[in-house]
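# Overview (structure and organization)
Listed below are the residues making up each chain.
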Amino acid sequence: MTEGVAVDGTTAEAFPPARDAGGPSIGDAIHGTAARLFPICRSITGDGVRRTLAELGALIPLEIHEVPSGTAVFDWTVPREWNIRDAYVRDARGVRVVDFRVSNLHVVSYSRPVSAVMPLSELRRHIHTLPDQPGLIPYRTSYYNEDWGFCMAHEQLMRLPEGLYEVLIDATLEDGSLTYGEHLHQGATDEEVLLSAHVCHPSLANDNCSGLAVLAHLARRIASLRTRYSYRFLFAPGTIGAITWLSRNRERVGRIRHGIVVSCVGDRGEPSYKRSRRGDAFIDRAMAHVLRHASPAPAILDFSPYGYDERQYCSPGFDLPVGLFQRSRFGQFPEYHTSADNLGFIDPASLESSFDILLSAIEIIEGDGRPVNLLPHCEPQLGRRGLYAALGGGRDEPARRMALLWVLNLADGTHSLLDMAERSGLPFRVIAEAAHLLEGKGLLSGVTPLPHPQG
Ligand code: ZN
């Protein structure tokens, strides 16, 4: 990313730099938030979601919604609320051989309460392990069929002697509500950008403490900016939360111009983006552009009707322009849905890279436009106007010099800045800064302002 080019006060402090000089990085701050979220036992309903939203609410104002169990939402019904206090399997000596207090992954999420003594042969039918990853605890749920179960390392199960075990799941599954949180940043227009992350997984760091933390810090950053679009941040349980939100906001959905579902954005893998169902939405182009400049090997994938909540946003009745941003893709990294998806699996640099990618996409959403060259007959003399001097001779000066030429050449009112960035191979920001420079010298009109600090 280049420094802002300050010429005539016209450019381009657009986005303040991601870190204050000498202060902790935004990546460290995001990792700190993820670390505070990590221990909480979340599910699709219950106090874990509320505590998580309270944690995010310390960073940004959040509107909390409670939707009663039994509420019909399209073809679904808001389920009963699940809360858990304790769970264990105790051996004949009274030792907790499986202990919810050690890891909340040990209990199948949404297990019904149970208190029983049974032989290991019977208990085994309720135990989930990963024989191919014998040291890891799997993550399992039983949301929509009433059941109970424990998850544990396969190698630990193999060591359990036959005999009687005491089993306790001290949980409640009763009428309550489904909870989700929203944060709205009001822009100059009511046209919206939707940024959404699922809030229903227990102690899994990448999936999706990373997404929650990145979006909360992104919301905090955007709150300080004047923007053209309004930004809606949605923190809701996967699937049923998005369905509930859509069913309660049908009239608002038409305002959504761009959207991204964010998950698994803290691991060290290369960034990936799955296009919206439309395939050619503006957000699809913007994210592809950002990823190609952010990584030597990004994955840019076509839509498929499997994944996270883009499945709901892109259902045919809505067909919203919403894609999915991840680093390593769900189901494709060995730590996925296991106890190895822990705080060591995500790192500040990767979180910061994901944050920067989203901010760069927002910069394109906000700053794209179709400027017009006011001196289109042959090239204007740039040196005489101090434009070459204004480039300042840094390492990226050749690229910025080319950007001036590309913008002047393509600014005929039919090409957008993103068109120019794609055709030139230059990053959008370099093109946008060139456009602002040229506008400042009276050579260009119709340049869209980039987001800038409030006040
Ligand atoms: Zn998941």
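Residues numbered from 1 in each chain as written. Predicted model: local features only at pLDDT ≥ 70, side-chain atom pairs only at ≥ 80, totals over all residues. Heavy atoms only, no water.

Domain assignment breaks the chain into domain 1 (14–78 + 177–367), domain 2 (82–174) and domain 3 (372–453). The C-alpha centroid of domain 2 is placed 31 Å from the C-alpha centroid of domain 1. Approximately 1,500 Å² of surface area, both sides summed, lies buried where domain 1 meets domain 2, with 56% of it carried by carbon and sulfur atoms. In terms of surface lost to domain 2, no three residues of domain 1 exceed Cys41, Ile44 and Ser339, which account for 29% of the buried area on that side. (Domains from an automatic or database assignment. Buried area = accessible area lost by both parts, 1.4 Å probe.)

Our focus in this paragraph is the pattern of salt bridges. Scanning the entire structure with this criterion turns up 24 salt bridges. Its salt-bridge partner being Arg255, residue Glu192 comes within 3.7 Å of it at the nearest N-O pair. Taken together, the residues span a long stretch of sequence, with Glu192 in strand β11 (residues 192–198) and Arg255 in the loop between α6 (240–248) and β14 (256–262) at a distance of 63 residues. Between Arg285 and Asp419 there is a salt bridge, with the nearest N and O atoms lying 2.8 Å from each other. Within this pair, whereas Arg285 is found in helix α7 (residues 282–294), its partner Asp419 is found in helix α12 (residues 417–424), the two being separated by 134 residues in sequence. Judged by relative accessible area, Arg285 falls into the partly exposed class, the value being 27%. Relative accessible area serves as the criterion here: at 21%, Asp419 is assigned to the partly exposed category. Within the structure, one salt-bridge network assembled from shared partners comprises Asp47, Arg50, Glu66 and Glu81. (Salt bridge = Lys/Arg side-chain N within 4 Å of Asp/Glu carboxyl O. Helix = DSSP H or I, 4+ residues; strand = E, 2+ residues; numbered from the N terminus. Buried < 20%, exposed > 50% of the residue type's maximum accessible area, 1.4 Å probe, protein only.)

Quick look at the packing of α12 against helix α13 (residues 428–440) now. Packing of α12 against α13 brings their axes to within 9 Å, and their N-to-C directions diverge by 125°. When the axes of α12 and α13 are compared, the pair comes out oblique. Of the two elements, α12 crosses α13, and the hand of that crossing is right-handed. Of the residues in α13, those in contact with Leu417, Leu418, Met420, Ala421 and Ser424 of α12 are Phe428, Ile431, Ala432 and Ala435. Residues of the contact of α12 with α13, tallied by class, amount to 8 nonpolar, 1 polar and no charged. (Axes fitted to C-alpha atoms, helices over the stretch in contact; angles between N-to-C directions. Parallel < 35°, antiparallel > 145°, perpendicular 65-115°, else oblique. Left-handed = near helix turned anticlockwise from the far one by under 90°. Contact = heavy atoms within 4.5 Å. Nonpolar A, V, L, I, M, F, W, Y, C, P; charged D, E, K, R; others polar.)

What follows is about the state of the cysteines. Across all of its chains, the model carries 0 disulfides by this definition. Free of any disulfide, Cys209 has its nearest cysteine sulfur in Cys264, 11 Å distant. (Disulfide = S-S within 2.5 Å.)

With that settled, the discussion passes to the packing of aromatic side chains. Applying the stated criterion to the full structure yields 11 aromatic pairs. Pairing Trp76 with Tyr144 gives two aromatic rings, centres 5.6 Å apart and planes at 75°, and the pair type is edge-to-face. With Trp76 in strand β3 (residues 76–77) and Tyr144 in the loop between β7 (127–128) and β8 (150–151), this pair connects stretches of sequence that are 68 residues apart. Take Trp76: its relative accessible area is 32%, and that puts it in the partly exposed class. Relative accessible area serves as the criterion here: at 47%, Tyr144 is assigned to the partly exposed category. Linked through ring pairs, Tyr306, Tyr308, Phe330, Phe333, Tyr336 and Phe345 together constitute an aromatic cluster. The ring of Tyr388 carries the charged tip of Arg401 above its face, separated from the ring centre by 4.2 Å. (Phe/Tyr/Trp six-rings, centres within 6.5 Å; stacked < 30°, edge-to-face > 60°. Lys NZ or Arg CZ within 6 Å of the ring centre and 35° of its normal.)

Bringing the pairing of strand β13 (residues 230–236) into the picture now. Burial within β13 is extensive, with 7 of its 7 residues counted as buried. Neither face of β13 is open: one carries Ser230, Arg232, Leu234 and Ala236, the other Tyr231, Phe233 and Phe235, and all of them are buried. Sheet topology places strand β10 (residues 177–185) next to β13; 5 bridges connect them, and they run antiparallel. For Leu184, the partnering residue across the bridge sits in β13 and is Arg232. Of the pairings in the sheet, the one linking β11 to β13 comprises 7 bridges and is parallel in character. Paired with Val193 across the bridge in β13 is Tyr231. (Pairing = 2+ DSSP bridges.)

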